[in-house]
Amino acid sequence: MNKVDIDLKEIIGGYTKHWKWFVISAILFLLLAQVYGRYATSQYAAAAKILILNEDNSGSLDPFKDLDVLGGSKNKVVDEIELIGSRSNFIDVVKELKLNTRVFVMGSVKSTELYNSPPINISFIAPDSTINNADFSFYVTISSSTTFGYSKEEDKPLKVYSFGKNISTPLGDVVITPNVSELGRFKDKKLKVSISPVDLVALGYKSKMIISNTDDKSNIVDIRLEDPIQEKAINIVNALIRIYNANAIEDKQIIADRTSKFINDRIADISSRISSVDQDVQNLKTETGTTDIPTETTINLRAGVGNQQELAAATNRLNMAASMSDLVASQESFEVLPANVGDMATTNTISQYNQLVLERKRLLKSSNEKNPVIVNLDQQINGIKRSLQSSLKSTVDNLSLTVNSLSGQQARFNTKIYSSPKNERALRDITRKQQTSEQLYLYLLTKSEESQIAVASQSPKSKTIDNAYSVSRYPVSPKKNLINLASLIFGLLVPFSIIYVKDLLDNKVHNMNSLEKLTTDTP
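No experiment lies behind these values; they were computed from the predicted model shown. (Residues numbered from 1 in each chain as written. Predicted model: local features only at pLDDT ≥ 70, side-chain atom pairs only at ≥ 80, totals over all residues. Heavy atoms only, no water.)

## A closer look at the side chain of Thr-169
Argument step 1. On the secondary structure map, Thr-169 appears in strand β8 (residues 166-169).
Argument step 2. On the accessibility criterion, Thr-169 (9% relative accessible area) is buried.
Argument step 3. Within the structure, the side chain of Thr-169 is placed 2.5 Å from the backbone oxygen of Gly-172, a separation counted as a polar contact.
Argument step 4. The residues contacting Thr-169, other than those within four sequence positions of it, are Phe-136, Tyr-150 and Val-174. (Helix = DSSP H or I, 4+ residues; strand = E, 2+ residues; numbered from the N terminus. Buried < 20%, exposed > 50% of the residue type's maximum accessible area, 1.4 Å probe, protein only. Polar contact = N/O pair within 3.5 Å; in protein donor to acceptor, adjacent residues only side chain to side chain. Contact = heavy atoms within 4.5 Å.)

## Section: unusual backbone geometry
Most of the time, phi is negative for any residue but glycine, and the peptide bond is trans.
Argument step 1. Positioned with a positive phi, Lys-98 is a non-glycine residue whose angle comes to about 55°.
Argument step 2. Residue classification places Lys-98 among the exposed positions, given a relative accessible area of 60%.

## Re the pattern of salt bridges
Argument step 1. Applying the stated criterion across every chain, the model contains eight salt bridges.
Argument step 2. Arg-87 is the partner of Asp-199 in a salt bridge, and the nearest nitrogen-oxygen pair spans 3.1 Å. On the criterion of sequence distance, the pair formed by Asp-199 in helix α8 (residues 198-208) and Arg-87 in helix α5 (residues 87-97) is long-range, its members being 112 residues apart.
Argument step 3. Given a relative accessible area of 30%, Arg-87 falls into the partly exposed group. (Salt bridge = Lys/Arg side-chain N within 4 Å of Asp/Glu carboxyl O.)

## Things to note about the sheet that holds β8
Argument step 1. Sheet architecture is open: three strands sit in the order β4-β9-β8, paired in antiparallel fashion. Where the open sheet ends on each side, the last strands, each with one partner, are β4 (120-124) and β8. On average, adjacent strands in this sheet sit at an angle of 35° to one another, irrespective of strand direction.
Argument step 2. The sheet contact formed by β8 and strand β9 (residues 172-178) spans four bridges and is antiparallel. Residue pairing for β9: Asn-166 is matched across the bridge by Val-175. (Pairing = 2+ DSSP bridges. Axes fitted to C-alpha atoms, helices over the stretch in contact; angles between N-to-C directions.)

## Concerning the confidence of the model for the protein chain
Argument step 1. Averaged over every residue, the pLDDT of the protein chain is 77; the share at 70 or more is 79%.
Argument step 2. Within the model, pLDDT remains below 50 along residues 67-75, and this stretch shows 23 contacts once partners closer than five positions in the same chain are excluded. (pLDDT = per-residue confidence, 0-100.)

## A closer look at α5
The α-helix winds at 3.6 residues per turn, so residues separated by three or four positions along the chain end up facing the same way.
Argument step 1. Within α5, burial applies to Ser-88, Asn-89, Phe-90, Ile-91, Val-93 and Val-94.
Argument step 2. Downstream of α5 by a residue or two, Lys-98 has a phi angle that is positive, lying close to 55°.

## A short note on the sheet that holds strand β2 (residues 101-105)
Argument step 1. Overall, antiparallel pairing links the six strands, which are arranged β3-β2-β10-β5-β6-β7 in an open sheet. Only two strands of the sheet have a single neighbouring strand rather than two, namely β3 (112-113) and β7 (159-162).
Argument step 2. The sheet contact formed by strand β6 (residues 147-151) and β7 spans four bridges and is antiparallel. Bridging across to β7, Tyr-150 finds its partner in Lys-159.

## What to know about the nonpolar core
Argument step 1. Counting 31 residues, the largest nonpolar core has Ile-84, Met-209, Ile-211, Val-221, Ile-223 and Val-237 as the members making the most contacts within it.
Argument step 2. For this core, the secondary structure elements donating two or more residues are β1 (44-52), α4 (77-84), α5, α8, β12 (220-227) and α9 (230-288).
Argument step 3. In terms of residue count, the dominant contributor to this core is α9 (nine residues).
Argument step 4. With residues up to four places along the chain from it excluded, the contact list for Met-209 reads Phe-90, Ile-223, Arg-224, Leu-225, Ile-236, Val-237 and Leu-240. (Core = buried A, V, L, I, M, F, W, Y, C linked by side-chain atoms within 4.5 Å.)

## With respect to α8
Argument step 1. Turning to α8, its buried residues number three or more, namely Val-198, Val-201, Ala-202 and Tyr-205. Axial view of α8: buried residues confined to an arc of 100°, hence all on one face. The outward face of α8, more than 90 degrees from its buried face, is lined by the exposed residues Leu-200 and Ser-207. (Arc of directions from axis to C-beta.)

Given below as structure tokens:
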């Protein structure tokens, strides 16, 4: 047997003779792992999958497509992911599911939340604005089917109350009622009721929610959440998708209502104008006895038909632009403007203005007008409004020049017509106004119907591919197998390290081999 074999055998023997320590250490660490696994909070994963729809598939509010004044754009998936995960959406989720109020059953080591079927129901007399900002907890012990003990602190004496009676708290009166089917299981057990600020709860779930787009070229978005309660995670993911779609439809509805109001106001104005023109025609024909257009004016009239059509079309566009300019100038508050009115640049400016106004309204749900973000938005909105007014003024000026030019041409055609008798000339003027008003009236009626159809056919911004579901029946964390393996490794590593360090520090001669090592180089 050579020297290397002797050294290796000696080294291994130095560890194997302490095998009991290795076994004891491994068992100890495995026991600690079991204790950790027993009391660590398990996390369950819930996942969902949705498809972000393009505007063409989700219902477009574009009643003026034929005027080519609305430039549409597809939804950007990255932007939609930010909208889904917005703070305001999570606040709505917390309020809808009442996640800021939780009931725990106190344990000797840790407390467990009762989400599915708590033994008691909590009702607050105070307004929601107070409860949503509250940070308060109290303790309840169920004494019987009709009474319970109440205390503000865990170790304080309990005060007995009857179910259904008002309890005075720093948040105002609270009413506790029993959940009869679950009451018996928690008799004489201490319950903790915790009320947290909605904002903090929303931010907590926002930080835990994972919203991602697996492929840059795909419109499919994956949503995932981990929570100690499996059903709770599923409910939160489903509620988030539902609220995201509801908010998108609400935004479309606001713009649709504004557009519909604008069209209806114009229809009412044109309708009264048509009635007035019709009355003028009736009065003139009654006074002059005119019933038909003389044959001799037919040729001259034909020459002006084409020019008259262009003039009517330009007049329509001018009226629309002027009405929009007046609307913007008269609007004092931050309200959305009708879409689809103006040239391409004006339409894009209105779209930016509406987006900022909607964002401002959404932020005001959880803030106030003094918030720096709101102030910054106000400045942006005012800047865009000034730009919009300038753009509309330029459009009105250009259309006015066009109308004036066409009117000059029409005047030359009318010179020949005005050679007819005075009553024929007056009748032609009235008829011309009547035709212009009727064209605009019929056009607006058509657009009103299209707008109503678009509103009625509104669809969500996304399509649910997979509703929220549990990724696994087992917790995704802590991973017990991995923890047990790591504990076993640490359990073996600790005694090994101790023995190794002890041998390094040992300078004594224990046997002949040790002595031979020391005297090998001695002459």
